[in-house]
Amino acid sequence: MNALHSNAEWKPAPRIAVTGGTSGLGLALVREFRHRGANVAFVARDRARVERVAQDTGAAGIVGNIARKEDIHPLAIQIAGRLGGLDVLVNNASSLGPVPLKLLADTECEDLELALETNLLGPFRLTKALLGSLAAAAREGRSAVVVNISSDAARNPYPTWGAYGASKAALEHMTRIWDEELAAEGVRFVAVDPGDMDTPLHALAVPDADPATLKRPELSAREIAELVESGQRSPRRKPDTSTIAAAEPSSQ
Amino acid sequence: MIAARQPVQRSPRAKLGVVKANGEILHLPRTALVDVLNRGDLVVANDAATLPASLAGGHVPTGAPIEVRLAGRHTLTEAHCFTAIVFGAGDFRTRTEDRPPPPPLTAGDAIVLGSLTARIERVLDHPRCVLIRFEGAAAAIWEGLARSGKPIQYAHLAMPLALWDVWTAIAGPPVSFEPPSAGFALDWRMLARMQAKGIVFATRACRSTNRIAFRLLPRSRSGAGVAPVGASWPSERPSCARWNMRGASVT
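Residues numbered from 1 in each chain as written. Chains lettered and ligands numbered in written order. Predicted model: local features only at pLDDT ≥ 70, side-chain atom pairs only at ≥ 80, totals over all residues.

> Where do I start with the overall build of chain A in this structure?
The helix and strand tally for chain A stands at seven helices and seven strands. Seen in sequence order, chain A has helices and strands lined up from the N terminus as β-α-β-α-β-α-β-α-β-α-β-α-α-β. A compact globule built from 252 residues should have a C-alpha radius of gyration of about 18 Å, and chain A, at 18 Å, falls within 12% of that. In terms of overall dimensions, chain A has C-alpha extents of about 55 × 40 × 35 Å along its principal axes. Taken over 252 residues, chain A has a buried fraction of 58%. Restricting the contact set of chain A to residue pairs at least 6 apart, pairs at least 24 apart contribute 68%. (Helix = DSSP H or I, 4+ residues; strand = E, 2+ residues; numbered from the N terminus. Rg over C-alpha atoms; globule rule 2.2 N^0.38 Å. Buried ≥ 20, exposed ≤ 12 C-beta atoms within 10 Å, placed from the backbone. Contact = placed C-beta atoms within 7 Å.)

Spelled out as structure tokens, the structure:
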């Protein structure tokens, strides 16, 4: 294990899970959160890459595919079990749908389904499975946050980005509804558009893009970490006046 | 009593038994729980998530098929040691009491359970009841349990239970071996109704000095929402929970 740093600013160290944690923004987030001293678990499909990133960062690597319904609860068990709870969930793993990108009229239904399974249903299922852990964290006075990684394609009707854009638009709206509905439980939800980054996903979508014109994923990761860190300093309080939480976790 | 025969734990027809102070017993819908509580009442719920605690595999010394049902864990600080009940061949369609015994089990015996290997540390106070220790790193044990295990099943159910069938709405730490079934009475709408009515809800207890201890959180209004880059989370909720890093603005 090679823990990058142990930054003492976050006390207690937040427990953070990141999906899609072996490349692009997800990998940068794992590194950034570890750098700041968080306890981090990450999820990705490729076992060899998961093991390599786990070795490099000291984070808990978990193999799974959030687009598969059957993977969700095994992932939730491993995340909550290995971290001992959960304060922050970053739904980062994404699918473009058809690659190369296609006009909607040329998009196969299966490609649209893949984008929806990865970008919408996967985050919904994983969030739902981990909501008990997040709400428990909020009851303990910790900052419970779900960060859903979105895109400007969620709002702008870019031709050929239909499957991706529609799925991210749905994810953003779902984020707003989650945030309204879970306010009383003290769990925050935020959708983040990290900008056009120099990542493998962007290279798949726009192969001829000049990387020099793109944002570094490390910068976006730093910005997201700062947002999460500011949340750690000011947990969302439950509005009810009679809220209680346990003094410490059960020892059973 | 009507035994449940379907893997549906959240039936809207599920009942709530209420015993009044005068001994009168009422049968109400589960959703009436909030109606019978008053402001300041305390609801303590078990928020354990259910481990897939049934592991099929084999007893290495004899080659006999076995099913291991995890039943206890001495500490949550490590994932290696469990007490377990061992069955011989068969599956959940045979009633537990009719299941054949496992082969004779001896301390040191290896058992293979999916991707996991364990050894019997010792036989406890029944030939089926053992203390086992999984081999390997904690990460591999968690993965093996999550991937190879199945929820403990019941002979009276026609269909096998999936993990989502045994997962309550408030499920948190994966520490239970069977579902905390009372938790199925709760959903997030009910918790919101409790909140609005001033009913106190808690899920975790510490057992210091053999009693449940709680800590009151400070009274405060909700400080919710999203923040622009470099700022703290605002005390007032913005109109939309969305953060745009392109312009660093709340939209």
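> It is not clear to me how the overall build of chain B should be interpreted in this structure. Could you clarify?
For chain B, the count of helices and strands is two helices and 15 strands. Sorting the 251 residues of chain B into buried and exposed places 30% on the buried side.

> Can you walk me through the packing of helix H3 (residues 69-83) of chain A against helix H1 (residues 138-148) of chain B in this structure?
Between two packed helices, what matters for the description is the angle formed by their axes and the separation of those axes. Relative orientation of the contacting elements H3 of chain A and H1 of chain B amounts to 150°, with a least axis distance of 9 Å. Comparing their axes, H1 of chain B and H3 of chain A come out roughly antiparallel. Our pair here, H3 of chain A against H1 of chain B, has a crossing hand that is right-handed. Contacts from Pro 74, Ile 77, Gln 78, Gly 81 and Arg 82 of chain A of H3 of chain A reach H1 of chain B at Ala 139, Trp 142, Glu 143, Ala 146 and Arg 147 of chain B. (Axes fitted to C-alpha atoms, helices over the stretch in contact; angles between N-to-C directions. Parallel < 35°, antiparallel > 145°, perpendicular 65-115°, else oblique. Left-handed = near helix turned anticlockwise from the far one by under 90°.)

> What's the story with the environment of Leu 161 of chain B in this structure? I'm lost.
Looking at where Leu 161 of chain B falls in the secondary structure, it is placed in the loop between H1 and strand S11 (174-176). Separated by 115 residues in the primary sequence, Leu 161 of chain B and Asn 46 of chain B place their C-alpha atoms 20 Å from one another.

> How should the domain arrangement of chain B be read in this particular structure?
Frequently, the measure chosen for interface size is the accessible area that the parts lose on association. Residues and elements named next belong to chain B. We note that the domain assignment places domain 1 (1-52 + 158-205) and domain 2 (53-148) within chain B. Measuring from the centre of the C-alpha atoms in domain 1 to the corresponding centre in domain 2 gives 30 Å. Each partner contributes to the interface: domain 1 provides five residues, whereas domain 2 provides eight residues. Residue composition of the side of domain 1 that touches domain 2, by class: five nonpolar, no polar and no charged. (Domains from an automatic or database assignment. Nonpolar A, V, L, I, M, F, W, Y, C, P; charged D, E, K, R; others polar.)

> Help me understand the pairing of strand S1 (residues 15-19) of chain A in this model?
Sheet faces and side chains relate simply in a regular strand, where the side chains alternate between the two faces. Residue and element names in this part refer to chain A. Counting buried positions along S1 gives five out of five residues, so the element sits mostly inside the fold. Of the two faces of S1, the one carrying Arg 15, Ala 17 and Thr 19 and the one carrying Ile 16 and Val 18 are both buried. Across five bridges, S1 lies against strand S2 (residues 39-44) in parallel orientation. Paired with Val 18 across the two strands is Phe 42, which belongs to S2. What joins S1 to S2 is helix H1 (residues 24-35), and the crossover it makes is right-handed. (Pairing = 2+ DSSP bridges. Right-handed = clockwise from strand over helix to strand, strands pointing away.)

> What should I look at first to understand the environment of Lys 15 of chain B in this one?
With respect to the secondary-structure elements, Lys 15 of chain B resides in strand S1 (residues 15-19). Not counting the four nearest positions on each side in its chain, Lys 15 of chain B is found in contact with His 27, Leu 28, Pro 29 and Arg 30 of chain B.

> Looking at this structure, how should I read helix H4 (residues 109-139) of chain A?
Given 3.6 residues to a turn, an α-helix orients residues that are three or four positions apart in the same direction. Residues and elements named next belong to chain A. The end-to-end C-alpha distance of H4, which contains 31 residues, comes to 42 Å, matching closely the 45 Å that a straight helix rising 1.5 Å per residue would cover. Along H4, the sharpest kink reaches roughly 50°, centred on Leu 130. One or two residues past the end of H4 sits Gly 141, with phi positive at roughly 85°. (Expected span 1.5 Å × (residues − 1). Bend = angle between axes of the 7 residues up to and from the residue.)

> What's the story with the sheet that holds strand S10 (residues 129-134) of chain B in this structure? I'm lost.
The strands making up a sheet associate through backbone hydrogen bonding, with each pair oriented either parallel or antiparallel. Residue and element names in this part refer to chain B. Around the barrel, six strands lie side by side as S5-S6-S7-S10-S9-S8; this closed barrel has antiparallel pairing. On average, each strand axis in the sheet is tilted by 45° relative to the strand beside it, whichever way the strands run. The pairing of strand S9 (residues 116-126) with S10 spans six bridges and is antiparallel. Pairing of His 126 across the sheet is with Cys 129, part of S10. Contacts from H1 reach strand S5 (54-59), strand S8 (110-113), S9 and S10 within the one sheet, and its direction differs from that of S9 by about 80°.

> In this structure, what is going on with the packing of H4 of chain A against helix H5 (residues 162-181) of chain A? I would like to understand it.
All names here are of chain A. Packing of H4 against H5 leaves a shortest axis separation of 9 Å and a crossing angle of 20°. With respect to their mutual orientation, H4 and H5 come out roughly parallel. When you trace H4 past H5, the crossing you get is right-handed. Mapping the contact onto sequence places Asp 111, Leu 112, Ala 115, Leu 116, Asn 119, Leu 120, Pro 123 and Phe 124 in H4 and Ala 163, Tyr 164, Ser 167, Lys 168, Ala 170, Leu 171 and Met 174 in H5. In terms of residue class, the contact of H4 with H5 is built from 11 nonpolar, two polar and two charged.

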